[in-house]
Amino acid sequence: MSYHILHVFQHGAVLGRERGFITCRAQGQDDRRLPLEDVRAVVIAARGVTLTSNFLSGLMDSDGIVLHCDERYQPCGWTAPLARVVDLRAFQHQTAAPRGLNRRLWQEMLRGKTLNQTRVLQRKQLRSPHLERALEQGEFDEANCARRYWQLYFPSIGWTGARRGRKEDTAPNQMLNYGYAVLAALCHRSLLIHGLLPQLGVHHKARYRSDPLVYDLMEAFRPAVELMLAEYLVEPEISMKEWAKKAGTALRDRRVVHGDFTLKLMDAIDASANSLARAYAERSAGRFWVPELPAVGRGP
């Protein structure tokens, strides 16, 4: 099963494909090779990188994706396989879903997100009565839960003046944006290979050039990125480039709870997308599975 996120930081590198391997050639460095079937995503975080047609066609045939970054290491676009991978039956189930089912699915997504936010705070030895009460009552006011969470989260990582905003030009917000973008690309890939249409959301509304189902699916996974950033910011030297490397490794190695077992985060994304397709097929929100970060004392 594929499990790598390949980051390209060498300016002027050339990515190709030879006999089932991705090749990376860069001036002054030895050629590097990685089995094509082991790659789920390639993040281009350098200038002047050449992507050969052999590389792109091979990666797309393997259901991989390419995430493109600008000169500040901020994601600015992605390349994904054609929608030919959409399964017609899954698509029909998705489009025929009643509103009530989507409402229940969204509540499950919010429950998973809120639970994982409390797990992040626990790792920082913090509690939020508001989030805990929402979990007990099963009623989730997304805006208020988010506000209470960020009020605790940012001070816990040493950024007392920060607030969460996609366009906020502060180090933690930019780092979160990067991690979320890689996460979104992985969710986009999983939705496609499980036959679902990313443009048709559970809760998020379709807008020009948007993929609302990607943002729906990734909600419960976002706290994993936030936990990774909290762990990274305790290191002595921090930079966006080093964070990009850290995020790629952590997204590959991070584990989440699935019943009595744990799954790697990337495998959990596939499992969650697959369960969403089943939920639509059976019209049952009970078939949908969301990940759980391990509780304090259970492991990474």
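Here we summarise the structure given alongside this text.

Criteria and thresholds
- Residues numbered from 1 in each chain as written.
- Predicted model: local features only at pLDDT ≥ 70, side-chain atom pairs only at ≥ 80, totals over all residues.
- Heavy atoms only, no water.
- Phe/Tyr/Trp six-rings, centres within 6.5 Å; stacked < 30°, edge-to-face > 60°.
- Helix = DSSP H or I, 4+ residues; strand = E, 2+ residues; numbered from the N terminus.
- Buried < 20%, exposed > 50% of the residue type's maximum accessible area, 1.4 Å probe, protein only.
- Lys NZ or Arg CZ within 6 Å of the ring centre and 35° of its normal.
- Salt bridge = Lys/Arg side-chain N within 4 Å of Asp/Glu carboxyl O.
- Contact = heavy atoms within 4.5 Å.
- Axes fitted to C-alpha atoms, helices over the stretch in contact; angles between N-to-C directions.
- Nonpolar A, V, L, I, M, F, W, Y, C, P; charged D, E, K, R; others polar.
- Arc of directions from axis to C-beta.
- Patch = residues over 30% accessible without salt bridge, like charges linked within 9 Å, V, L, I, M, F, W, Y side chains within 5 Å.
- Areas by Shrake-Rupley, 256 points an atom, 1.4 Å probe, with all protein chains shown as cover.
- Lys, Arg positive; Asp, Glu negative; His and termini not counted.
- Charge placed at Lys NZ, Arg CZ, Asp CG, Glu CD.
- Core = buried A, V, L, I, M, F, W, Y, C linked by side-chain atoms within 4.5 Å.
- Parallel < 35°, antiparallel > 145°, perpendicular 65-115°, else oblique.
- Left-handed = near helix turned anticlockwise from the far one by under 90°.
- Pairing = 2+ DSSP bridges.

Our next topic: the packing of aromatic side chains. Considering all chains together, one arrives at 6 aromatic pairs under this definition. Ring geometry for tryptophan 150 against tyrosine 153: centres 5.4 Å apart, planes inclined by 85 degrees, an arrangement best described as edge-to-face. Of the two residues, tryptophan 150 and tyrosine 153 both sit in helix H5 (residues 142–156), 3 residues apart, roughly one turn of that helix. Look at tryptophan 150 and you get buried, because its relative accessible area is 15%. Its relative accessible area of 1% is what places tyrosine 153 among the buried residues. Through a chain of ring-to-ring contacts, three or more aromatic side chains come together here, namely Tyr149, Trp150, Tyr153 and Phe154. The side chain of lysine 245 reaches across the aromatic face of phenylalanine 9, ending 5.6 Å from its centre.

Here the focus is the pattern of salt bridges. Here the structure, examined in full by the defined rule, presents 15 salt bridges. Between arginine 40 and aspartate 267 there is a salt bridge; the shortest N-O distance is 2.8 Å. Separated by 227 residues along the polypeptide, arginine 40 in strand S5 (residues 39–44) and aspartate 267 in helix H10 (residues 265–282) bring together distant segments of the chain. Residue class for aspartate 267 comes out partly exposed when judged on its relative accessible area of 24%.

With that out of the way, let us pick up the environment of leucine 59. Topologically, leucine 59 is positioned in helix H1 (residues 53–61). Under the relative-accessibility criterion, leucine 59 is labelled buried at 0%. For the pair leucine 59 and arginine 17, spaced 42 residues apart in sequence, the C-alpha to C-alpha distance is 9.0 Å. For leucine 59, the residues in contact, after removing those within four places along its chain, are Ile22, Leu36, Val39, Val42, Gly64, Ile65 and Val66.

Take the packing of helix H4 (residues 129–137) against H5 next. Where H4 meets H5, the closest approach of the two axes is 9 Å, and the angle between their N-to-C directions is 145 degrees. Residues His130, Leu131 and Ala134 of H4 pack against Asn144, Cys145, Arg148 and Tyr149 of H5. Here the contact of H4 with H5 is composed, by residue class, of 4 nonpolar, 2 polar and 1 charged.

Turning to H4, its buried residues number three or more, namely His130, Leu131 and Ala134. Buried residues of H4, viewed axially, fall in a sector of 100 degrees; they line one side. Summarising the geometry of H4, the exposed residues directed more than 90 degrees from the buried face are Pro129 and Glu136. Next to the buried residues of H4 lie helix H3 (99–123) and H5.

Quick look at a positive patch on the surface now. Where like charges cluster on the molecular surface, the positive patch consists of Arg99, Arg103, Arg104 and Lys205. Along the chain, arginine 104 falls in helix H3.

Before going further, it helps to examine the nonpolar core. With 74 residues, the main nonpolar core has Leu105, Tyr153, Tyr178, Trp243 and Leu276 as its most contacted residues. Ranked by residue count, the leading element in this core is helix H6 (residues 171–193), at 12 residues. Membership of the second largest hydrophobic core comes to 16 residues, among which are Val42, Ile44, Val49 and Met60.

Contact geometry of H6 with helix H8 (residues 222–232) gives a least axis separation of 10 Å together with a crossing angle of 135 degrees. It follows that H6 is oblique to H8 by the angle criterion. Of the two elements, H6 crosses H8, and the hand of that crossing is right-handed. Contacts from Pro172, Met175, Leu176, Gly179, Tyr180 and Leu183 of H6 reach H8 at Arg222, Val225, Glu226, Leu229 and Tyr232. Here the residues of the contact of H6 with H8 sort into 8 nonpolar, 1 polar and 2 charged.

On to the sheet that holds strand S3 (residues 21–25), then. Taken in spatial order, the 4 strands of this open sheet run S4-S3-S2-S6, and their pairing is mixed. This sheet does not close on itself; its edge strands, each paired only once, are strand S4 (32–35) and strand S6 (50–51). In this sheet, S6 lies alongside strand S2 (residues 14–18) in parallel orientation, the contact comprising 2 bridges. Bridge pairing in S6 places leucine 15 opposite leucine 51. Of the strands in this sheet, S2, S3 and S6 touch H1, which is tilted by about 65 degrees from S2.

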